[in-house]
Every structure is written in C-alpha cells, then in structure tokens.
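# A look at the structure
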Amino acid sequence: MPAEPDVRRLSRRIGLVSGGVLVLAVVVLGELAAGVADRALVTAARWRLSMNAEAVRPEAEAVLVAADEARPAAFEALVAAAAGRDAVRVTLFDRGGAVLADSADRADPTAKQGEPEEVAAARSGRFGFAVRELPSRGHRGAYVATQVRRGSDLLGVLRVSDESDLIDGPRTSIRVAQLACIAIGGLLIALATSRLVRPYARGIERITATARALARGDFDHELTGEDVAPFQELDAALGAVAHAGRERAEAGASDRHKVVAILGAMVEGVLAVDAEQRILLVNGAAARILQLSSSRPDGKPVSEVTRVPEITAILASVLAGGTTEHGELRVVGPPRDRWVELHATPLRAHDGAAGGAVLVLHDVTDLRRLEAVRRDFVANVSHELKTPITAIRGLIETCLDDPAMDQATRERFLARSREQALRLSTLVTDLLTLSRVESGEPVREPLRIDLRAPVGDAVAALRALAEDKGITIDCRLDQEPVLVLGDGELLRLVATNLLDNAVKYTPRGGHVAVRVDRTATHARLEVEDDGIGIEPKHVDRIFQRFYRVDKARSRELGGTGLGLSIVRHVCLVHGGDVGVDSTLGRGSTFRVRIPLV
C-alpha cells in the first residue's frame, strides 16, 4: 500500500510517543502505589490475624486437650470466638502437622502439596505467616499460624486466615484507575496532535495523492489550490508535470497502437523477449504458429508458454552471441504439421549489449506443400505422357523400319498409334480442364442452369457405350427444374466423368442408376453402380490427381487418373462438394451437392 503522508506519520509518531510516556508514567506510578498499598495491607492482615490467633488460643487449647467426643463442640466454640474477632477461617493441626479440624469443612488446598509453610514455621518455633494465591478465587489469602502449648508440651498448631480479597481488592481498583488515566490521557493527546497537524496533513495528503496519480499515469487528476503558499507552488509544479506527462503518454500510446496494429496485421509471427527470455511482445500470428498455452503470455518465460525447444535454443544463441541467427522448425499439429522459418535478431541495449531478442516466424507450410504438389504433378504428368508417346514412337518406328510389312499389320499398328494419340489428347484435355477449374473461377460467366440438362446430355452420350457392355442405365430426374448457378459445360463434365467411371468399372450385364433431385438448400446428383467397388483404404484418395485404385486396369480402360480430381474441383468452384460410399465387390455411389439458386 502507498506510504502515509510525512506529516500524518509525524502526527502519529508524536501521539504514540506521548501516549507511551503517559502509559509508562501511569504504570510506574500505579505499580508504586500498588506496591505500597500491598505492603500496608499485608502488614495489617498479619497484625490482625496475629491478634486474632492470640485471642482464641485458649479455645484452641481446649479443643486439643478435649476428648474425641467433646472435640467437635469445643471446635465450634473456637470458631465462634474467632468469628467474633474477624478470623474468616480457623484450622487446627496436631503436633505432626495433620489437619484435625477446619472451619471451612474442607482440607486445606495447600496440604495436597505438602505441609503449609506457615504451619511448618510455627511447628519449628518461628512465627508462621504466609500470603499465597487462591486459584479457585482469583486472589490471595493471608495465613497466620501459632503454636498451642501447655507448659512445655506442644499440643498442636492453630492457624487463622483471611481468604477474602481484602489484599488484592485495592490493587484491582488501582488497575482500573490506571486504565482510566491511560484512556483519558490518550484521548487528550490524540485531540491535541490532531488539531496541531491537521491542516498540514490534509494539504500534504492531497499533494501525495496527486503525485501517486501522476505516477500511475492518471494525468487528469484534479488539482485543487490551497491558501498556504508552499502548496500553491506545489500545485503549479505538479500541474506542469501532469501536462508534460499527458503529452508523452498520448504520444507513447499512439506509437504503441500503431506498432500493435502493424504487428497484428502481419502474416509473419513476431516474438520479442528480454535478456532472460521473458516475453515482451507477441503478435497473433506468432501465438497461432507456436500454439501458445497462455492467452496472456507477456512477462512469462518462453519455455513456459511453448514447449518448442528450437525457439528457446535460437533465442539463447542470439542472446549469448549477439548475432543474427536463422533456423527452421517443424511444429507438430493438430490439425496438421507446419514448417516455420526462424529469423532471430538481438535487441541492443544503450550500452550495445544484447538486452533481448526479436524472433520473426514465417509459416512456409503452404509453400512446402505447393512445392511437393508441383514435384508430384511434374512426375505424374511426365509419367503419363511418356507412356502414349513411347507407344506411338515404337509403332511408327516399326512401320518405318519394315517397308515390307504387310498391309494388315501396318493398319493394326496405325490403329494402335491412333488409340495412343487419342489417349494422349484426352490426357492433355483433362490437364487443361483441371488447370482451368483449379484456378478457382469458371472460365465462363455463371448462369442459371437446370442441372437436369447437363446430366441428361451425359447419359445420352454414354448410353451407347453402356449398351455395348450390356449395362442398363436408369436415369431418374426430378420433375421440377433443379436450378443452380454455374457453368453448364463443367457440370456436364462432372456427370460424364462419374457416369463414364460407373460404366467402365461395372461388369457386363450390370446396372447404373443416375438420379437428380433436391434438398431444401442443395441440388443433388447421385451415380450408383453395382460394379467392383472400392476398398476403404482408397476411398480418401481417389479424388487426388493421377491416383488409380487399379493402375493396370485403369490404363487398359483408357483412364487418365484425372476424372475424379476434375469432379472435385468443379464442385468446389460451384460452392458444392462430392462424396462416395463404396463396398468392395458390391458397387459405389458418388454424390454431388451444389447450392440451389
């Protein structure tokens, strides 16, 4: 908590010192008075009890010499005589120190701990007197013991005592008077010191509150003037400080907002740390890339909020060597692994030493993925083009190298060359189509199209091929128009590719069903066959380019491996999707969904 104003602390100290002196004086004087009163009361009790003991000694002698049956009555006479002389309690002890009778009808509490000291003193021939605490009553009692003799024979010991609070009562009154004096004196001291320092304390407290507000950045704190000249000067000085501080704070806040806005808009991640690798600043891109475990990481060690050892290692290297470092790391998913380039630069302090470091993180995952896709695409295209080109070259070279080749063989070779040329043309056409749809935008202007039309065209174009294989095509189109916004040629290509695959991979005598209907929000195209089906391990990959479940069979049937990839990208261009349900040996069902207009 903030310290109290100096004047208020001084006032409190003056009050505490004055109160301490007062308390000390009252306590000392009270203790002196209590001591004097205590000694006087003890002396008076000793004298009074001694006189009582001497007065009732004959009655005590009568009790000690009486027969057993007469002793109780004699003791009652002794107690009555003692009561008449102010003795509160009377106790008789035999010559061995054992209690014979007690007016309180209870054994002496001190007897449990041994023979009372005053009785022991009396038995030894000395004056027996004692003052001791009575725990059950909370005060002290006074005891006088004297010998009871007949001639030279010791008959026993008589003890008279006063167990009232006669001794401690005055001491309690003195304690109450002490507390009253301390309370009244403390109140008077508090009032005096308060009236003395109140004006200055109020002014300095106000100035102190203003200074604290300025220290925590509250430059709009109200400054109220004082009549006392020093406070007016302080107000003027603090006002100037507040004005300058407000201008600096506004400039700093503006600069910080600009920096935060710039860093927040950056695609690259930025992480700044101090010399102990505690986070000074981190933008949203860095938090996402590193998957930071804390929503407010500022001030925390890097190793606490991220468990990536490469980060702490490169920062430690920069802080130790003071040079720029570069690196690369792989951040393990979810949802997928990411590749990140690291560029770390030292932050220089005023003396030139590395007072921290700035780490820039550049996510190159998409670049790496595109590079891999490009390599795979080039390899696949090269492989797919090489096969028909090699076949065509071989057939033509054979014809050229053998002029004597018979006409039938030559025609057969030329027919096969034409097949390979057609396959090559189909492959190039599919590649161009895939390139077109992968760009994300249809080449033609989107139009309102009834999905039944391109699907019907595709069925009509492939019905002859199906009939040659003895395959029945069952086409069921919705009776109402199924309108979508898109490119009719691309949509016909989707239906053609799906239907062509169904016919190719359905055995002779099989059945293919084509259905076009609608849901509440989407047009739906389904192509179902009872062909060879697809193994589950291939289902997730059949929409990739050049992926074939059975490569030999696909090439034999003239497939390029691009048809389903084209279907997928056309669906994406139209805002839809494609899926498949398939059981090996029982057939497949491809489903295309495109939003309705």
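You'll find the structure just up there.
What counts and what doesn't
Residues numbered from 1 in each chain as written. Predicted model: local features only at pLDDT ≥ 70, side-chain atom pairs only at ≥ 80, totals over all residues. Heavy atoms only, no water. Buried < 20%, exposed > 50% of the residue type's maximum accessible area, 1.4 Å probe, protein only. Helix = DSSP H or I, 4+ residues; strand = E, 2+ residues; numbered from the N terminus. Arc of directions from axis to C-beta. Pairing = 2+ DSSP bridges. Axes fitted to C-alpha atoms, helices over the stretch in contact; angles between N-to-C directions. Contact = heavy atoms within 4.5 Å. Left-handed = near helix turned anticlockwise from the far one by under 90°. Nonpolar A, V, L, I, M, F, W, Y, C, P; charged D, E, K, R; others polar. Salt bridge = Lys/Arg side-chain N within 4 Å of Asp/Glu carboxyl O. Core = buried A, V, L, I, M, F, W, Y, C linked by side-chain atoms within 4.5 Å.

## Thoughts on helix H2 (residues 57-65)
- The complete set of buried residues in H2 reads Ala-60, Val-63 and Leu-64. Seen along its axis, H2 keeps its buried residues to an arc of 95°; they face one direction.

## Looking at the sheet that holds strand S5 (residues 153-162)
- Taken together, 5 strands build an open sheet; the order of strands is S2-S1-S5-S4-S3 and the sheet is antiparallel. Taken across any chain shown, the strands that pair with only one partner, and hence form the sheet edges, are strand S2 (99-102) and strand S3 (128-134). The mean inter-strand angle of the sheet, taken between neighbouring strand axes irrespective of direction, is 25°.
- Of the pairings in the sheet, the one linking strand S1 (residues 89-94) to S2 comprises 3 bridges and is antiparallel in character. Paired with Leu-92 across the strands is Ala-101, a residue of S2.
- Where H2 meets the sheet, it contacts S1, S2, strand S4 (139-150) and S5, and its direction lies at approximately 65° from that of S4.

## Quick notes on the environment of Glu-467
- With respect to the element layout, Glu-467 can be found in helix H12 (residues 452-468).
- Between the C-alpha atoms of Glu-467 and Val-503, which are 36 residues apart in sequence, the distance is 9.7 Å.

## Considerations on the packing of helix H13 (residues 488-504) against helix H16 (residues 563-573)
- Close contact between H13 and H16 brings their axes to 9 Å; oriented N to C, the two are set at 145°. In the packing of H13 onto H16, the handedness of the crossing is left-handed. When H13 is examined against H16, the residues Leu-490, Leu-493, Val-494, Asn-497, Leu-498 and Asn-501 are found in contact with a partner set consisting of Gly-563, Leu-564, Ile-566, Val-567 and Val-570.
- Across the contact of H13 with H16, the residue classes break down as 8 nonpolar, 3 polar and no charged.

## Comments concerning the packing of H12 against H13
- Close contact between H12 and H13 brings their axes to 8 Å; oriented N to C, the two are set at 30°. Crossing of H12 against H13: the hand is right-handed. For the pair H12 and H13, contact is made by Pro-454, Val-455, Asp-457, Ala-458, Val-459, Leu-462, Leu-465 and Ala-466 and by Gly-488, Leu-491, Arg-492, Ala-495, Thr-496, Leu-499, Asp-500 and Val-503, respectively.

## As for the pattern of salt bridges
- This structure, assessed with the given rule, holds 18 salt bridges.
- Across the pair Glu-526 and Arg-515 runs a salt bridge whose closest N-O atoms are separated by 3.0 Å. Taken together, the residues Glu-526 in strand S15 (residues 522-529) and Arg-515 in strand S14 (residues 511-518) connect sequence positions 11 residues apart.
- When its relative accessible area of 11% is taken as the criterion, Glu-526 is described as buried.
- A relative accessible area of 22% places Arg-515 in the partly exposed class.
- In this structure, Glu-526 engages Arg-591 in a salt bridge whose closest nitrogen and oxygen atoms are separated by 3.2 Å. Taken together, the positions of Glu-526 in strand S15 and Arg-591 in strand S17 (residues 587-595) put the pair 65 residues apart, joining distant regions of the chain.

## What about the nonpolar core?
- If you look at the biggest cluster of nonpolar residues, it comprises 40 residues, and the most contacted ones within it are Leu-451, Val-455, Leu-498, Val-514, Leu-525, Phe-590 and Val-592.
- Those elements that place two or more of their residues in this core are H12, H13, S14, S15, H16, strand S16 (577-583) and S17.
- The dominant element in this core, judged by the number of residues it contributes, is H13, at 8 residues.
- Those residues within four positions of Leu-498 in sequence are excluded, and the remaining contacts are Leu-525, Val-527, Leu-564, Val-567, Phe-590 and Val-592.
- One finds Ile-289, Val-340, Leu-359 and Leu-361 within the second-largest nonpolar core, a separate group that totals 24 residues.

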